[in-house]
Amino acid sequence: MISVIIPSFNEKDNIAEAARAVSAVLSSEEKELIFVDDGSTDGTWNEITAAAVNPEVRGIRFSRNFGKEAAIRAGLESARGDALAVIDCDLQHPPEVLKEMVKKWREGAGVVVGKKSYRGSESRGYGLFAKIFNGVMSKATGFDMSGASDFILLDRRAADAVLQYGEQGSFFRALAQFIGFDAAEVTYNVAARARGEGKWTFKKLFKYAVKNIASFTDIPLYFSLVCGISDLIAALVLLVLCIIGVPLGAFNAAVITLMILAGLILVSLGVAGFYLSRIYDEIKSRPRYHICARTDDERKI
Ligand code: UDP
Ligand code: MG
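Just so it is clear, the structure is predicted and the values come from calculations on it, not from any experiment. (Residues numbered from 1 in each chain as written. Chains lettered and ligands numbered in written order. Predicted model: local features only at pLDDT ≥ 70, side-chain atom pairs only at ≥ 80, totals over all residues. Heavy atoms only, no water.)

1. Notes on the overall build of the protein
Each helix and strand counted, the protein has eleven helices and eight strands in total. Taking the principal axes of its C-alpha atoms as reference, the protein extends roughly 85 × 40 × 35 Å. The buried share of the protein, reckoned over its 301 residues, is 43%. Across the protein, every contact between residues at least 6 apart in sequence was considered, and the portion connecting residues at least 24 apart equals 83%. As presented, the protein carries roughly 15,900 Å² of accessible surface, and 61% of it is formed by carbon and sulfur atoms. Mean positive and mean negative side-chain charge positions of the protein (36 and 35 charges, respectively) differ by 3 Å. (Helix = DSSP H or I, 4+ residues; strand = E, 2+ residues; numbered from the N terminus. Buried < 20%, exposed > 50% of the residue type's maximum accessible area, 1.4 Å probe, protein only. Contact = heavy atoms within 4.5 Å. Areas by Shrake-Rupley, 256 points an atom, 1.4 Å probe, with all protein chains shown as cover. Lys, Arg positive; Asp, Glu negative; His and termini not counted. Charge placed at Lys NZ, Arg CZ, Asp CG, Glu CD.)

Dropping the structure here:
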């Protein structure tokens, strides 16, 4: 059985079409479609319950918006399939590609990653931001993350492996490769959004990028170390120059040195504080989401 997980946040106009398109593409497969309503406020849940008259469609409803990562996880946790695919609800991930993913899975791939070959009509700023983020993520994880997306199919074993990562700040598309199962790729062109609007603001995107980079690398922690060492070397050079009597315009140099030192200390504190906050997040081990309804309950399954 193939489980298709569809995170949905305020997508009321896309649910019926997404259900139809995914069902049509996988018409010859035993399948389930799991819509995860990530706390929508626009009638998305009504659309999901309406779509669930089709017994292949299941719905999970969050009590509020917990974010796409949580929605993906809830879908993976409740999926019953032998292969689990994640696809956006707005049809920007072309459903036809699912067929190719299933084929690669049948040929033995543990993970089939959807890579964007054409990024669609995104803005230049967004494109540049994505490029920098994917570059840093590639370095941090050691995998090529350029063109990576959440359009991914996992074998049951790979999905179980992903679910073993208990961290709060999980990052699905990186974890899917990080687990090390045999990976295959399919490329796709990002389609225009079917209906409705994208949910990302620059602030949300920036937070998302920083958090995910921090969960895969501790390079920023070394920043304070490098600064500290450079600072000591500079201080040593200054000391030597002072001892051999080179005129340094002492007062100005002192002020500048103090300013640099203060700056360095602040930056280091900032980096340490950031990681502390990450540790705090993990230690709290709060639940990632709360489900307040399931279409299965109504069917008394
Ligand atoms: N989404 C979600 N929770 C959120 C934001 C988005 O489940 O808090 C879903 C959304 O409904 C869509 C997918 O994640 O199916 C991608 O969202 P969007 O189209 O806004 O982002 P983009 O296409 O720009 O990556
Ligand atoms: Mg989209």
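Don't stop here, the text continues.
2. A closer look at the site of ligand 1
Lining the immediate environment of ligand 1, one finds 16 residues, of which Glu11, Asp38, Asp90, Gln92 and Lys199 sit closest. Here glutamate 11 contributes a side-chain N or O atom positioned 2.6 Å from an oxygen atom of ligand 1. Measuring from an oxygen atom of ligand 1, one finds a side-chain N or O atom of arginine 193 at 2.8 Å. Alone, ligand 1 offers 530 Å² of accessible surface; in the complex the protein occludes 89% of this. Residue composition of the shell around ligand 1, grouped by class: four nonpolar, five polar and seven charged. (Near = heavy atom within 4 Å. Polar contact = N/O pair within 3.5 Å; in protein donor to acceptor, adjacent residues only side chain to side chain. Nonpolar A, V, L, I, M, F, W, Y, C, P; charged D, E, K, R; others polar.)

3. Some remarks on unusual backbone geometry
Despite not being glycine, asparagine 10 has its phi angle at roughly 50°, a positive value. You can see asparagine 10 is positioned in the loop between strand E1 (2-8) and helix H1 (15-25). The class for asparagine 10 is partly exposed, based on a relative accessible area of 23%. Its identity is not glycine, yet leucine 91 carries a phi of approximately 65°, on the positive side. Among the secondary structure elements, leucine 91 is positioned in the loop between strand E4 (83-86) and helix H4 (96-106).

4. Thoughts on the pattern of salt bridges
Summed over the entire model, instances satisfying the criterion amount to 19 salt bridges. The partner of lysine 31 in a salt bridge is glutamate 56, and the shortest N-O contact between them spans 3.2 Å. Placement of the pair is lysine 31 in strand E2 (residues 31-37) and glutamate 56 in the loop between helix H2 (44-51) and strand E3 (57-62), with a sequence separation of 25 residues. Looking at glutamate 56, the relative accessible area reads 26%, which means it is partly exposed. Linking lysine 115 and glutamate 185 is a salt bridge whose minimum nitrogen-to-oxygen distance equals 3.9 Å. In this pair, lysine 115 sits in strand E5 (residues 111-118) while glutamate 185 sits in strand E7 (residues 183-189), placing the two residues 70 residues apart along the sequence. Residue class for glutamate 185 comes out partly exposed when judged on its relative accessible area of 45%. The network of salt bridges with common partners includes Glu11, Asp90, Arg193 and Lys199. (Salt bridge = Lys/Arg side-chain N within 4 Å of Asp/Glu carboxyl O.)

5. Digging into the packing of aromatic side chains
Inspection of every chain in the model, using the stated rule, returns twelve aromatic pairs. A centroid spacing of 5.2 Å and a plane angle of 80° characterise the contact between phenylalanine 151 and tyrosine 188, whose relative ring orientation is edge-to-face. Of the two residues, phenylalanine 151 is situated in strand E6 (residues 148-155) and tyrosine 188 in strand E7; the sequence distance between them amounts to 37 residues. Considered together, phenylalanine 151 and tyrosine 188 belong to a single accessibility category, that of buried residues. Aromatic side chains phenylalanine 274 and tyrosine 275 sit 5.8 Å apart centroid to centroid with 90° between the ring planes, which places their arrangement in the edge-to-face category. Taken together, Phe133, Phe171, Trp200 and Tyr208 form an aromatic cluster joined through their ring pairs. The cationic tip of arginine 64 hangs over the ring face of phenylalanine 66; the distance from NZ or CZ to the ring centre is 3.9 Å. Here the basic side chain of lysine 204 rests over the ring of tryptophan 200, its NZ or CZ set 5.8 Å away from the ring centre. (Phe/Tyr/Trp six-rings, centres within 6.5 Å; stacked < 30°, edge-to-face > 60°. Lys NZ or Arg CZ within 6 Å of the ring centre and 35° of its normal.)

6. Examining the packing of helix H5 (residues 124-141) against helix H8 (residues 202-216)
Two elements in contact, H5 and H8, have axes whose closest approach is 9 Å; the angle formed by their N-to-C orientations is 10°. Judged by the inter-axis angle, H5 sits roughly parallel to H8. Here H5 contributes Tyr126, Phe129, Phe133, Val136, Met137, Ala140 and Thr141 to the contact with H8, which in turn contributes Phe202, Leu205, Phe206, Tyr208, Ala209, Asn212, Ile213 and Phe216. Among the residues forming the contact of H5 with H8, the class breakdown is 13 nonpolar, two polar and no charged. (Axes fitted to C-alpha atoms, helices over the stretch in contact; angles between N-to-C directions. Parallel < 35°, antiparallel > 145°, perpendicular 65-115°, else oblique.)

7. Looking at the sheet that holds E5
Strand order in this open sheet of eight strands is E7-E5-E6-E4-E1-E2-E3-E8, and the pairing throughout is mixed. Edge positions in the open sheet fall to E7 and strand E8 (291-294), since each of these has one partner strand only. Each strand of the sheet is rotated relative to its neighbour by a mean of 20°, with strand direction disregarded. Strand direction decides the pairing type here: E2 and E3, joined by five bridges, are parallel. Residue pairing in the sheet places phenylalanine 35 in a bridge with glycine 59 of E3. Helix-sheet contacts for H1 involve E1 and E2, and the interaxial angle to E2 is about 160°. (Pairing = 2+ DSSP bridges.)

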